[in-house]
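Fold and geometry: a report
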Amino acid sequence: MAQRTQLDADGYARAAAMMVELAARQRGYVGMDSVRGADGLGITISYWTDEASAKAWRDHPDHAEIRDAGRDRWYSDYSLHVAQVIRSYDWKKP
């Protein structure tokens with residue numbers, strides 16, 4: 001989970017959109033889910049085919065630069081969890 005600050009909402013939106021596009025071009029990218037409440041509390045989950053791809057994303061220089069900017073001005077705190085999805089199901093009302 002991540003708590004956004006009130007600083008530079010436009011800059012955050014531009015950076016977030018750039019990171020979504022950049023991540024989608026990386027080897028091993030599967031997808032991303034993200035939600036954020038009006039209070040700034042949100043969660044983003046990115047999915048990767050393997051650990052090496054996830055680590056490559058973590059270490060990508062453009063991603064690292066935006067992550068540092070986030071720590072400096074866009075987030076007051078966040079938690080990061082790395083997990084493996086063993087099984088996943090979807091259901092939709094007919």
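Above this note sits the structure.
Residues numbered from 1 in each chain as written. Predicted model: local features only at pLDDT ≥ 70, side-chain atom pairs only at ≥ 80, totals over all residues. Heavy atoms only, no water.

A short note on the overall build of the protein chain
When helices and strands are tallied, the protein chain shows three helices and four strands. In sequence order, the protein chain lays out its α and β elements as β-α-β-β-α-α-β. Judged by the C-alpha coordinates and their principal axes, the protein chain covers about 40 × 35 × 20 Å. Looking at the protein chain as a whole, 24% of its 94 residues are labelled buried. Taking as baseline every contact in the protein chain between residues at least 6 positions apart, the subset at least 24 positions apart corresponds to 59%. Of the roughly 7,300 Å² of accessible surface on the protein chain, a fraction of 54% belongs to carbon and sulfur atoms. (Helix = DSSP H or I, 4+ residues; strand = E, 2+ residues; numbered from the N terminus. Buried < 20%, exposed > 50% of the residue type's maximum accessible area, 1.4 Å probe, protein only. Contact = heavy atoms within 4.5 Å. Areas by Shrake-Rupley, 256 points an atom, 1.4 Å probe, with all protein chains shown as cover.)

A closer look at helix α3 (residues 61-74)
Compared with an ideal rise of 1.5 Å per residue, which puts 14 residues at 20 Å, α3 spans 18 Å between its outermost C-alpha atoms and is within 8% of the ideal. As for α3, its buried residues are in contact with β1 (2-4), α1 (9-24), α2 (51-59) and β4 (75-78). (Expected span 1.5 Å × (residues − 1).)

Thoughts on the sheet that holds strand β2 (residues 29-36)
In a beta sheet, neighbouring strands are held together by backbone hydrogen bonds and run either parallel or antiparallel to one another. Pairing is antiparallel across the open sheet formed by four strands, whose spatial order is β2-β3-β1-β4. With partners counted over all chains shown, the strands left at the sheet margins are β2 and β4, one partner each. When the angles between neighbouring strand axes are averaged without regard to direction, this sheet yields 20°. Contacting β1, β2, β3 (41-48) and β4, α1 runs over the sheet at an angle of about 160° to β2. (Pairing = 2+ DSSP bridges. Axes fitted to C-alpha atoms, helices over the stretch in contact; angles between N-to-C directions.)

Quick word on the pattern of salt bridges
Within the structure shown, the criterion is met by five salt bridges. Of the charged contacts in the structure, one is a salt bridge between E51 and K55, with a shortest N-O distance of 3.9 Å. Residue E51 and its partner K55 are both found in helix α2; the two are separated by four residues, about one turn of the helix. Where R58 meets D59, a salt bridge forms, and the shortest distance between an N and an O atom there is 2.8 Å. (Salt bridge = Lys/Arg side-chain N within 4 Å of Asp/Glu carboxyl O.)

Some words on a nonpolar patch on the surface
Among the surface-exposed residues, M1, V35, L41, I43 and I45 lie close enough to one another that they form a single nonpolar patch of about 420 Å² accessible area. I43 gets classed as partly exposed once you look at its relative accessible area, which sits at 37%. (Patch = residues over 30% accessible without salt bridge, like charges linked within 9 Å, V, L, I, M, F, W, Y side chains within 5 Å.)

Considering the side chain of H63
As for its position among the elements, H63 is in helix α3. Judged by relative accessible area, H63 falls into the buried class, the value being 16%. Within the local environment of H63, its side chain forms a polar contact with the backbone oxygen of W57, the two atoms lying 2.8 Å apart. Contacts of H63, omitting those with residues within four sequence positions, involve M19, L22, W57 and R58. (Polar contact = N/O pair within 3.5 Å; in protein donor to acceptor, adjacent residues only side chain to side chain.)

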